[in-house]
Amino acid sequence: MAAGSLQYIERYSQKGIFPMAHAQSQFESFHDEILLSFDTNAKLRERREALLKDLKDNIDEDAHGYSHFIQGSYALHTGVTPLPDNDPDMDVGLIFDCSPEDYPDSLTLKKIVRKALERPNRTVKIRRPCVTVTYLKDGKVTHHIDLAIYTLNADSQTQLAKSRETDAVEDRIWEASEARELIKKIADRFEGDDRKQFRRVVRALKRWRDIKLGHANAPSVGLTVAAYNWFSARYDNVDGRPRDLLAIRDLLNELLSNWSWSRLEVHLPVAPNTDLFEKMTEAQASDLKQRLKGLRDSLSEALDQPDTHEACKVLKKQFGNDFPVPPKSDTTKEVFAGVSLTGRSA
Amino acid sequence: MKTPPFWGWPHISDSGSICVNDKEGLDYDPDDFEGVLGWLVCEAAKLLHENQLLSEDKRLQAFSDELEGYLKCCGAKPVRCDALLANSQQLYAEVRTHKERARYVSTVLRVNTGSTSTSSTQQEKLGFLDVSIQQLPRLRTNLDPEWRDEFLSRLDSSQYDVALSTEYRGLVLRTANSYGAALVLVYWGRKQKKDEWQAHTYYLQRQDRDYVIQRTGGSTYDRHVVIAGLGAIGSRVAEHLALAGVKKLTLVDHDKFSADNLGRHLLGMDAIGEHKITELEKHLKNRIPGLNISAQKAHINKFLRKGFPQGTDAIVLTTGNSPTERAIIRRAYQEDWPTLIVSASVEAWGLGGHAIAMRPGSPGCLECLYYDPDFQNPVAQMRTSLIAPGQSVTRQLTGCGAFTPYSSIDANRTAMLAVERVLDNLSGYSRWAGKIEQARQAGIQPSATYRSLAEARIPLTLEPPDYIQPECICCSN
């Protein structure tokens, strides 16, 4: 901690005052910087429309009809701009007007989709949960779109095609997967300002994950569902403005207190209700826990700073260079507040 | 056969009626005659039995609590009494005399300590005696020489002298009871021959400040409160403080009351064109007897020119002018005024109101709300404002004279917050948040503070540690 800060703290603690830096404006600026929204990003929309047009124009005439929906982080309003080395992705769900019984081998339908989309400037690869279309420019990957292929069973429950070409026939299955229900559940979990803060907090955590962990085995939807389970909105008791720093710190405390044995279990609140962190090894889980503790401690350290500049320096180390650090405040400088219109009277 | 008159039994009137309960606090099926009658008989029997078990002295003492009620049942008339009675004061009866069937009949209208308030009356001196319930023979509406003899025989020598003094036309008898005392007036009027002596009994209907406040379940506050700004909020603060039993109020304002104020001010049409403070002084004096009230026709800055008004326990700022109030508060902190200061304001369109109480010398003041807590920089708008920044809320109806739209209820709710702060005599910040509809119709955006308050995410009441700003220009040093 800087010597100036220590003097500052000493000065006020003698008076019994313990100022705290919440850096709310910086959290909001950070959020604006990392936000990647389907609604506001024309490029994302163009890519989706182009892909769907391709599919419509080229899909086998004998294939069943289908509808589409956006799934994943854009649908959940938790999308973040990728780091420079990561290509942006998008998740689209295709629900075919047929039942799993029409395609006992789920790979058949995925192959139909692949065939419709293959072009020279892209690769189309069937992976077990989806069909991935990777776009190339000058031989370099620009972005990719994951297409999840669904049918509907007799109960109108969406069934996901889980299969790849190397799978044995009996492993090419349809699995209950309620992606649309998940979107609705998460959207409806909070309202108004609570919901806005929830989305900011999830985006901040996802960016932190991208920087500190990478994507391996800690899926972003895992963090989103963890927040769905344990997030509580936090506000300043005086002016009612959101306090994202407190909300993230308290969420981390909840996450850490819910660690069972050597790992964290976060189950999808819809079918197939799988544990989203199940693929983590014990070592990875332990690493995640340590990093989450580190983040929690940094947030507490930032909160204890009497100066927002110092607090933001601490936060930048965790959230990366997109987290703004304001100039150091000069308390000896004369500052004029200006004039405001007031709606108050007596 | 006529029942002999009863005297000295609690809850039993002279005619023998038994009161098992007053009208308040009872609930029953209005069609259940049998059940109610059964209950009534049981309760009456129980009450008689309980009274019978008491010693005579204890029974009389319990009866003294109801002496005034007993007299009412007898048919005794009430007499107004708005003065606090004491042995040292000379009492007078305000008496009106009229002719009735060739006889002059005198009626006492009021007991006072020297000044009359009724017309066409004359002042007649009264004696004042503290007597025990045991010294009182059975009272009834009209008293005769036999009663007088019996009464005089029960008095000690000093009481006897007062009772027989020729300068008095009656006696106020004060009988101690568990509520304080019962007050009875025995008035005989003109001098009479001993064997023709006749008197009438009155019960005193007390209207003094202590009694009126006691009836509210509260107690009086021996405090002096200055209220600056007697608009819609300030006038109500004044009234509520007076009704709550605050001993002294100083009202400071220089505005005249206009018809534009009618929609939300305490005063009415009679006050149009008059200074608010003079009309309020009249109103409050009429409202609470014995209130010590001072009206200062001046702007608050002029009133405070000479510094802290000595002897003031609290200053309520309800001027509607934030810069003025902030300047006064800064000065109070600089000069370390030994008083509680409360600043109260209402927000437009029913969004809510604020009352913040502070004490110079202690951190946590109105100015703290004008700081960005993250950067400790002053900000132009109070950070807890209920309206989002940059919106004009004033309106005009006549082409000139902009006003802030808020209702009488809004003013009253805000005034209550200020009053509670004064009576609690504690620093702190209270606010309320109303409904959004009016503001929405007016196209006004509420602030984050309003949304958080309206959705009960943050508390309505805060203690100073919640909002102290270490760099506050006013309270940090």
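Another point: the overall build of chain A. Summing up its helical and strand segments, chain A has 11 helices and 8 strands in all. On the principal axes, the C-alpha backbone points of chain A span a range of 80 × 50 × 50 Å. Every one of the 346 residues in chain A was classed for burial, and the buried ones make up 50%. Put simply, of all contacts in chain A between residues at least 6 apart along the chain, 64% involve residues at least 24 apart.

Further remarks concern the interface of chain A and chain B. Where the parts come together, the accessible area they lose is often given as the size of the interface. On the side of chain B, 50 residues touch chain A, which itself brings 37 residues to the contact. Of the roughly 3300 Å² buried at the junction of chain A and chain B (both faces included), carbon and sulfur atoms supply 51%. A per-residue breakdown of the area chain A buries against chain B is headed by A:Val238, A:Arg344 and A:Ala346, which together make up 25% of the total. Along the contact surface separating chain A from chain B lie 5 salt bridges. Residue B:Arg451 is joined to A:Asp193 by a salt bridge in which the shortest nitrogen-to-oxygen separation is 2.7 Å. Listed by contribution, the elements that provide at least two residues to the side of chain A that touches chain B are helix H1 (3–13), helix H2 (24–34), helix H7 (192–212) and strand E8 (344–345) of chain A. No other element matches H1(A), which puts 3 residues into the side of chain A that touches chain B. The class makeup of the residues in the side of chain A that touches chain B is 15 nonpolar, 13 polar and 9 charged. Sheet topology places E8(A) next to strand E13 (residues 340–347) of chain B; 2 bridges connect them, and they run antiparallel. For A:Arg344, the partnering residue across the bridge sits in E13(B) and is B:Glu347.

This paragraph deals with H7(A). Residue and element names in this part refer to chain A. The end-to-end C-alpha distance of H7, which contains 21 residues, comes to 30 Å, matching closely the 30 Å that a straight helix rising 1.5 Å per residue would cover. Along H7, 15 of the 21 residues are buried, which leaves the element largely enclosed by surrounding structure. Looking one or two places after H7, you find Gly-214, whose phi comes out positive at around 75 degrees.

On to helix H6 (residues 179–189) of chain A. Residue and element names in this part refer to chain A. Taken together, the buried positions of H6 are Ala-179, Leu-182, Ile-183 and Ile-186. In an axial view of H6, the angular spread of the buried residues amounts to 100 degrees, which keeps them on one side of the axis. Buried residues along H6 sit against strand E1 (66–71), helix H4 (73–76), strand E5 (140–152), strand E6 (158–162), H7 and helix H8 (220–230).

Residue and element names in this part refer to chain A. Strand direction decides the pairing type here: strand E2 (residues 89–96) and E5, joined by 7 bridges, are parallel. Directly across from Met-90, in E5, lies its bridge partner Ile-145. The pairing of strand E4 (residues 131–137) with E5 spans 7 bridges and is classified as antiparallel. The partner of Lys-137 across the bridge, within E5, is Lys-140. Between E4 and E5, which follow one another and run antiparallel, lie 2 residues, and Asp-138 among them has a positive phi close to 55 degrees. Both E5 and E6 contribute to a ladder of 3 bridges, which runs antiparallel.

Averaged over every residue, the pLDDT of chain B is 92; residues scoring 70 or more account for 97%. Quick note on the complex model: pTM equals 0.81, ipTM equals 0.79.

With that settled, consider the environment of A:Asp85. Within the secondary structure, A:Asp85 sits in the loop between H4 and E2. As for A:Asp85 and A:Val169, which are separated by 84 residues in sequence, their C-alpha atoms are 37 Å apart.

Before going further, it helps to spend a moment on the packing of H6(A) against H8(A). Residues and elements named next belong to chain A. Where H6 contacts H8, the two axes come as close as 10 Å, and the packing angle between them is 45 degrees. Considering their axes alone, H6 and H8 lie oblique with respect to each other. Our pair here, H6 against H8, has a crossing hand that is left-handed. Every residue of H8 that contacts H6 at Leu-182, Lys-185, Ile-186 and Arg-189 is listed here: Val-221, Thr-224, Val-225, Tyr-228 and Asn-229. Its residues assigned to classes, the contact of H6 with H8 shows 5 nonpolar, 2 polar and 2 charged.

Time to look at a nonpolar patch on the surface. Residue and element names in this part refer to chain B. On the surface, Leu-26, Tyr-28, Leu-37, Trp-39 and Leu-40 cluster together to form a nonpolar patch covering roughly 480 Å² of accessible area. The residue Leu-26 is located in the segment before helix H1 (33–53) in this model. The exposure class assigned to Leu-26 is partly exposed, which follows from its relative accessible area of 34%.

The next thing to look at is the pattern of salt bridges. Enumeration according to the criterion identifies 43 salt bridges over all chains in this entry. A salt bridge links B:Arg457 to A:Asp193; the nearest nitrogen and oxygen atoms lie 2.9 Å apart. Separated into two different chains, B:Arg457 in the loop between helix H13 (448–454) and strand E18 (461–462) and A:Asp193 in helix H7 make up a pair that spans both. Assigned by exposure class, B:Arg457 and A:Asp193 land together as buried. A:Arg200 is the salt-bridge partner of A:Asp244, the closest N and O atoms lying 2.6 Å from each other. In this pair, A:Asp244 is assigned in helix H9 (residues 244–257) and A:Arg200 in helix H7, connecting sequence segments 44 residues apart. Each member of the pair, A:Asp244 together with A:Arg200, is buried. Among the charged side chains, a network of salt bridges with common partners joins A:Asp193, A:Asp194, B:Arg451, B:Glu455 and B:Arg457.

Residue and element names in this part refer to chain A. When cut into domains, chain A gives domain 1 (3–21 + 190–342) and domain 2 (42–177). A straight line from the C-alpha centre of domain 1 to that of domain 2 covers 34 Å. Taken together, the contact pairs 12 residues of domain 1 with 13 residues of domain 2. When domain 1 packs against domain 2, close to 1100 Å² is buried across both sides, 56% of that on carbon and sulfur atoms. Across the domain 1-domain 2 interface, the total number found is 0 salt bridges. The interface formed by domain 1 and domain 2 holds 4 residue pairs in polar contact (both at pLDDT 80 or more) in total. Looking at the side of domain 1 that touches domain 2, the elements with two or more residues in it are H7 and H8. Counting residues per element, the side of domain 1 that touches domain 2 draws most heavily on H7, at 7 residues. Classifying every residue of the side of domain 1 that touches domain 2 by side-chain character gives 5 nonpolar, 2 polar and 5 charged.

The rules behind the values
Residues numbered from 1 in each chain as written. Chains lettered and ligands numbered in written order. Predicted model: local features only at pLDDT ≥ 70, side-chain atom pairs only at ≥ 80, totals over all residues. Heavy atoms only, no water. Helix = DSSP H or I, 4+ residues; strand = E, 2+ residues; numbered from the N terminus. Buried < 20%, exposed > 50% of the residue type's maximum accessible area, 1.4 Å probe, protein only. Contact = heavy atoms within 4.5 Å. Buried area = accessible area lost by both parts, 1.4 Å probe. Salt bridge = Lys/Arg side-chain N within 4 Å of Asp/Glu carboxyl O. Nonpolar A, V, L, I, M, F, W, Y, C, P; charged D, E, K, R; others polar. Pairing = 2+ DSSP bridges. Expected span 1.5 Å × (residues − 1). Arc of directions from axis to C-beta. pLDDT = per-residue confidence, 0-100. Axes fitted to C-alpha atoms, helices over the stretch in contact; angles between N-to-C directions. Parallel < 35°, antiparallel > 145°, perpendicular 65-115°, else oblique. Left-handed = near helix turned anticlockwise from the far one by under 90°. Patch = residues over 30% accessible without salt bridge, like charges linked within 9 Å, V, L, I, M, F, W, Y side chains within 5 Å. Areas by Shrake-Rupley, 256 points an atom, 1.4 Å probe, with all protein chains shown as cover. Domains from an automatic or database assignment. Polar contact = N/O pair within 3.5 Å; in protein donor to acceptor, adjacent residues only side chain to side chain.

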